[in-house]
Amino acid sequence: MIIGVGGGSIPKKVQKEFPNMEIDAVEIDPEVIKIAKDHFSIKEGKNLRLHALDGPALFNAHAESVRYYSARRLFHRCYSVHLTTREFFELAQKKLTPNGIIVANLISAVTGPSGKIVRAFVRTQRQIFPQTYVFAARRPDNVSLDTIQNVIVVATRDKQRLDIKEIVKRAAALDKGLFPDPLQDIAVAYFDRPIPEDVPILTDDYAPTDDLLNP
């Protein structure tokens, strides 16, 4: 399941690389789906379904386990606060298969005042998931961790943590078309320092995301 269609880049990429994978892509705004179809060539088919619904609501109702999940537009101005909370991650953890993962693409810094939303997200997620991995997408370009950028957070149910060498090794074993940039960029983007606990754990009762987004 993919929450947040946008221009359809992620569902189109996944569909191209894994044509037999069933994909449910959810977008709360039906106009976004229309624009994606009219201008960005996303097409529904047997294995790709587009839903003009609230993502968490569909996720909650989904009867089967999920192998792929992306909170791609989580912190767009139209974000849904309950995509960030401990209760949502508890639900997600129950829905995933044993080797399932959650992938979130957040627009934030990692360190400094502009990174509070990422740190709160990761701290909250770590209450539920044994392993989380943080990648600052622009670090290969020598961009500071204090700079707002795409930050990819991957959470798994694995008891044992993978080191970055193993992650790169597994990435190299996949089709090279998945990684147009050098594989070494994955290692450079990896953030392996402790995340400061200077932010709250987000819950359905307390999730001050606006304050974290605008420190």
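Summary of the structure given here. Only a predicted model underlies this, so the values are computations on that prediction, with no experimental measurement involved. Position labels on residues start from 1 in each chain and follow its written sequence. Where local features are concerned, this predicted model is filtered to residues with pLDDT of at least 70; where side-chain atom pairs are given and counted, the filter is 80 or more; whole-chain, interface and lining totals use all residues. Hydrogens and water are ignored here; the side-chain numbers use all heavy atoms of the structure.

Quick notes on the pattern of salt bridges
Condition: We define a salt bridge as a contact between a side-chain nitrogen of Lys or Arg and a carboxyl oxygen of Asp or Glu at a distance within 4 Å. Labels follow the DSSP assignment, with helices taken as runs of H or I lasting at least four residues and strands as runs of E lasting at least two, numbered in each case from the N terminus. Type-normalised accessible area, obtained with a 1.4 Å probe on protein chains alone, sets the label of each residue: buried when under 20%, exposed when over 50%, and partly exposed for intermediate values.
One pass over the full model with this rule turns up 8 salt bridges. One salt bridge connects Glu 17 with Lys 13, and the closest N-O pair in it is separated by 3.0 Å. Highlighted residues: Glu 17 and Lys 13, both in helix α1 (residues 9-17), separated by 4 residues, approximately one helical turn. On the basis of relative accessible area, Glu 17 is assigned to the buried category, the value being 18%.

Digging into the pairing of strand β6 (residues 131-136)
Note the cut-off: Think of it this way: DSSP has to see at least two bridges between two strands before they count as a pair.
Burial runs high along β6: 6 of the 6 residues are buried. The two faces of β6 match: Gln 131, Tyr 133 and Phe 135 on one face and Thr 132, Val 134 and Ala 136 on the other face are all buried. Sheet topology note: the β6/strand β7 (residues 149-156) ladder contains 6 bridges and is antiparallel. Residue pairing for β7: Phe 135 is matched across the bridge by Ile 152. Summarising the sheet, β6 and strand β8 (residues 190-191) pair through 2 bridges and their orientation is antiparallel. Paired with Val 134 across the bridge in β8 is Phe 191.

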